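Notes for the structure review
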Amino acid sequence: MSSALSSLTTAAGHARLVFVGHRGVGQNRPPPVATAATEAASVATGTSRVSPDIRENTVLSINRAAKLGVDFVEFDVQVTKDGIPVIFHDNHILTADGLDCKISDLTLAEFQSIGPSKTPGEMGRQLIRRRKDGNTYTWVAEEEDAMPTLVDLFDCVDPRIGFNVEVKFAADDSKDAGGPEEIDRILSALLPVVDSHCGSRPLFFSSFMPDAVVALRKRQTKHEVLFLTVGSGSFSDDRMNSVQAAVAHCKAHALSGIVSEVKTLLADSATIRLVKDAGLLLYSYGTTNDDVDAAHFQQYHGVDGIIVDDVAAMSDHVLNVTPEDLQPPFGRYGV
């Protein structure tokens, strides 16, 4: 396994977690719920913007995370109808003038006509975003940047910063890879870009799709492949229903490790031992990783790295951790 994915140390020589910025300095969280009457006014006055105040999954956000000391940035790759890997998280892209479709339904030119333009000060079709309750809000940030291609990230992001490439698929169900044809379409577009642009940059792949991570491992061996899991659930595919199932899947297909939702690990440290005893890397994701006690609990029990949303707040606690910080108990997470 790559030493870049584990066994890092602080400037003082103490072991520390691998520090990963989520979509740059953090995923965009929606503004407070507004009524239809107040939405337009709040946008006009700048009071209805997302937080953090930089658009997620952009060169600007990722380079800001680099300045805050992250080792890697996590971002989401999808592939347009004409075969170009672009950076966008959601399963559907929505605009105020009625567009509601998958990235795979758009050409690159159509994708780049949405949201902030690469030309400073210009704006394309207004992005909106769907809340968990199904309602939408206007998706604007204090600091805007164009939605990039994967090539843009390779060309414009500090080359010392590693990439955690989460591979997403054009399926209505975020945990459905859409079948072998869609996996082949995505990987056939993605892997040549990585091969031609990565150079010496540290990089690993991850995906929630069990068949997709197997295909990633079969089609390339240079970069580590990690299986993303929520750690529990009632999915039709048993490989997705527990960390135990994820471990078995990794071992069966020579995958390097697991990225688990953090609450599963915090609930029982034995889950961490299960993964580490299997000889696998273990990372975690989730907003609870913005909690210092949660980060220290995980390092104490052997987690290799954490994906963080509040990069600015967590930077010092991860990069400059001391042995004294790792003395239990860890707040409400105990020992």
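Now for a quick tour of the structure.

Cut-offs applied
- Residue indices follow the written sequence of each chain, beginning from 1 at its first position.
- Local features are withheld for residues below a pLDDT of 70 in this predicted model, meaning they are given only at 70 or higher, and side-chain atom pairs are given and counted only at 80 or more; totals for whole chains, interfaces and linings count all residues.
- Values shown for side chains rest on all heavy atoms present in the structure; no hydrogens or waters enter the calculation.
- Only protein chains enter the accessibility calculation, which uses a 1.4 Å probe; a residue whose area is less than 20% of its type maximum is buried, one above 50% is exposed, and one in between is partly exposed.
- Each helix is a run of H or I in the DSSP string that is no shorter than four residues. Each strand is a run of E no shorter than two, and both are numbered from the N terminus.
- At least two DSSP bridges between two strands are required for those strands to pair.
- Handedness of a crossover: with both strands directed away from the viewer, a clockwise path from the first strand across the helix to the second marks it as right-handed.
- For this analysis, a salt bridge means a side-chain nitrogen from Lys or Arg found within 4 Å of a carboxyl oxygen belonging to Asp or Glu.
- Cavity: a set of points on a 1 Å grid over the protein atoms alone where a 1.4 Å probe fits but cannot get out. Pocket: an open set with protein on both sides within 12 Å along at least five of seven lines, its lining residues, like those of a cavity, having an atom within 4 Å of a point.
- Grid points are joined across faces, edges and corners, and a volume is the space filled by probe spheres set on the points.
- Following the grouping adopted for this structure description, the nonpolar residues are Ala, Val, Leu, Ile, Met, Phe, Trp, Tyr, Cys and Pro, the charged ones are Asp, Glu, Lys and Arg, and the polar ones are all others, Gly among them.
- Residue contacts follow a heavy-atom distance rule, with two residues in contact if any of their heavy atoms lie within 4.5 Å.

Of the two faces of strand 15 (residues 305-308), the one lined by Gly305 and Ile307 and the one lined by Ile306 and Val308 are each fully buried. Bridge count between strand 3 (residues 18-22) and strand 15: four bridges; the pairing is parallel. The partner of Val20 across the bridge, within strand 15, is Ile307. Between the parallel pair strand 14 (residues 281-285) and strand 15, the chain is carried across by helix 10 (residues 292-301), and the sense of this crossover is right-handed.

Right, let's talk about the pattern of salt bridges for a bit. For the structure on display, the rule yields 18 salt bridges. A salt bridge links Asp304 to Lys276; the nearest nitrogen and oxygen atoms lie 2.6 Å apart. Taken together, the residues Asp304 in the loop between helix 10 and strand 15 and Lys276 in helix 9 (residues 269-277) connect sequence positions 28 residues apart. With relative accessibility at 12%, the residue Asp304 sits in the buried group. Since its relative accessible area comes to 27%, Lys276 is described here as partly exposed. For Arg332, the salt bridge is made with Asp291, and the minimal N-O distance between the two is 3.4 Å. Of this pair, Arg332 sits in the segment after helix 11 (311-319) while Asp291 sits in the loop between strand 14 and helix 10, and the two are 41 residues apart along the sequence.

The rolling of a water-molecule-sized probe over the atoms marks out the regions of remaining empty space. By volume, the largest pocket amounts to about 1200 Å³. Taken together, 37 residues make up the lining of the largest pocket; nearest its centre are Arg23, Gln27, His89, Asp90 and Lys132. Elements that contribute at least two residues to the lining of the largest pocket include exactly strand 4 (72-79), strand 8 (127-130), strand 10 (162-167) and strand 13 (257-261). Per-element accounting of the lining of the largest pocket gives the leading share, three residues, to strand 8. By residue class, the composition of the lining of the largest pocket is ten nonpolar, eleven polar and 16 charged.

All right, on to the environment of Ile62 then. Inspection of the secondary structure assignment puts Ile62 in helix 2 (residues 59-67). Judged by relative accessible area, which is 0%, Ile62 ranks as buried. Considered as a pair, Ile62 and Leu216 are 154 residues apart in the sequence and their alpha carbons are 24 Å apart. With near-sequence residues (within four places) excluded, Ile62 lies in contact with Gly24, Val73, Phe75, Leu153 and Val157.

Now for helix 7 (residues 243-252). A turn of α-helix holds 3.6 residues, and therefore any two residues three or four places apart point the same way. For helix 7, the complete set of buried residues consists of Val243, Ala245, Ala246, Val247, His249 and Cys250. Structurally, helix 7 contributes buried residues whose contacts are with helix 6 (210-219), strand 12 (224-229), strand 13, helix 8 (262-267) and helix 9.

Before going further, it helps to examine the environment of Asn164. Along the chain, Asn164 falls in strand 10. With a relative accessible area of 1%, Asn164 lands in the buried category. Contacts of Asn164, omitting those with residues within four sequence positions, involve Phe72, Val73, Glu74, Phe75, Phe204, Phe205, Ser206 and Ile307.

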